[in-house]
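As a plain string of letters, each chain reads:
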Amino acid sequence: MRIGLMVGSDRERSRADRLPGLLDDARGAEAAGFDSFWMPQVPGYLDALTAVALIGQVTERIELGTAVVPIQTRHPLIMAQQALTTDLACGGRFTLGLGPSHHWIISDQLGLSYDRPAKQVRDYLDVLTASVTAPGPVQVSNDGFTVNASIDVADAPSMPILLAALGNTMLRIAGERADGTILWMADERTIADHVVPRITAAAGSTGRPAPRIVAGVPVALCGADETDRARAYASEVLGHAELSPNYVRLLEHGDARDVGDTMAAGDEAAVLARLRRYRDAGVTDLAARIVPLGDDAAARAASRARTSEFLASIRL
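Quantities reported herein were computed from a predicted structural model and do not represent experimental measurements.

The end-to-end C-alpha distance of helix 8 (residues 227-238), which contains twelve residues, comes to 16 Å, matching closely the 16 Å that a straight helix rising 1.5 Å per residue would cover. Of the surrounding secondary structure, the elements contacted by the buried residues of helix 8 are strand 9 (180-184), strand 10 (212-221), strand 11 (264-266) and strand 12 (285-290). Of the residues one or two after helix 8, His240 is the one with positive phi, at around 65°.

Put into structure tokens, the structure is as follows:
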């Protein structure tokens, strides 16, 4: 299992320091030996694709990806144009993670349609796939898009595409038409019994290689007496599954009730044991979201550093 880091919005930093700090984080992740670095599209925060393009300029080896960008906010041809440009900026190390997001972002915040999201994804991929295969004409007509255009960004792009896929239909689409999935709020049983069988069967049905299973997992290195607090804190700042029916349905496949229950927390042995269970469930790529603990910024910074150093030292 490859081990990478997933970052998010950083409220500890001033607005002026957030982008420079993110670049420092990516440089540090590469220097520490992590395999990948994942940037989500957080509503109202730094733009993920722009940030990743800049990260590509200050790193040399590490895989860089979005986890994930909503499809509704960018036309698929424009998404292809920006993603291919980002891949060039990253020297061919960029992985495009995208998905249909959630109703409370797309409809409630942006006023866009969240009707039949799986159908939106299929129509979107018709255009996106045609746009990233090779330079030239892009002519696609389906229920969602009528495109008669061209694209001329990269000679022979090989940018992987991963889909956020939680339900049966989305997992089938991810297996049939993408290179894998990016997960959040999925525990080991959900991955082993629900995600892996469905996406793998879908990939096999179309002759595609075994899909990547990228799992976003909160991690905190802490004392045994702090684990309950760590899980509660993770659910408070990263969870609230009840807001998203997609997550509610996903949780029904496993034992977790919110994101804190998916967390690898505790001492070195406890964290390692949980991560091994994710590996054994079928996860190919860990995207560790470090949850720093402490009552002040200095304590949280020290917590983050300890957890990062430990994650960088392990091989699974």
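After that view of the structure, there is still more to cover.
Time to look at the UniProt feature "domain: Luciferase-like" (unreviewed entry) in the protein chain. Under the local residue numbering, the UniProt record ascribes the feature "domain: Luciferase-like" (unreviewed entry) to residues 16-284. For residues 16-284, the helix share is 46%, the strand share is 18%, and the end-to-end C-alpha distance is 36 Å.

With that out of the way, let us pick up the side chain of Thr262. Mapped onto the elements of the fold, Thr262 is located in the loop between helix 9 (245-251) and strand 11. Within polar-contact distance, the side chain of Thr262 engages the backbone oxygen of Val259 at 2.7 Å.

As a further point, take the nonpolar core. In terms of nonpolar packing, the biggest core is built from 103 residues, with Phe37, Leu96, Leu98, Leu128, Leu163, Ile191 and Leu311 touching the most fellow members. Apart from residues no more than four positions distant in its own chain, Leu98 is found in contact with Val68, Val69, Ile71, Met79, Tyr124, Leu128, Ile161, Leu162, Leu163 and Ala164.

Let us look at the packing of helix 6 (residues 168-177) against helix 7 (residues 188-205). Relative placement of two packed helices is described by the angle separating their axes and the distance separating the axes. Following both chains from N to C, one finds helix 6 and helix 7 inclined at 45°, their axes separated by 7 Å at the closest point. For the element pair helix 6 / helix 7, the angle class is oblique. Pair helix 6 / helix 7 crosses with right-handed handedness. Between helix 6 and helix 7, the residues in contact are Asn168, Leu171, Arg172, Ala174, Gly175 and Glu176 and His194, Val195, Arg198, Ile199, Ala202, Ala203 and Ser205, respectively. Grouping the amino acids of the contact of helix 6 with helix 7 by side-chain chemistry returns six nonpolar, four polar and three charged.

Rules used throughout
- Residues numbered from 1 in each chain as written.
- Predicted model: local features only at pLDDT ≥ 70, side-chain atom pairs only at ≥ 80, totals over all residues.
- Heavy atoms only, no water.
- Helix = DSSP H or I, 4+ residues; strand = E, 2+ residues; numbered from the N terminus.
- Expected span 1.5 Å × (residues − 1).
- Contact = heavy atoms within 4.5 Å.
- UniProt positions renumbered as here; feature names shortened; annotations may be inferred.
- Polar contact = N/O pair within 3.5 Å; in protein donor to acceptor, adjacent residues only side chain to side chain.
- Core = buried A, V, L, I, M, F, W, Y, C linked by side-chain atoms within 4.5 Å.
- Buried < 20%, exposed > 50% of the residue type's maximum accessible area, 1.4 Å probe, protein only.
- Axes fitted to C-alpha atoms, helices over the stretch in contact; angles between N-to-C directions.
- Parallel < 35°, antiparallel > 145°, perpendicular 65-115°, else oblique.
- Left-handed = near helix turned anticlockwise from the far one by under 90°.
- Nonpolar A, V, L, I, M, F, W, Y, C, P; charged D, E, K, R; others polar.

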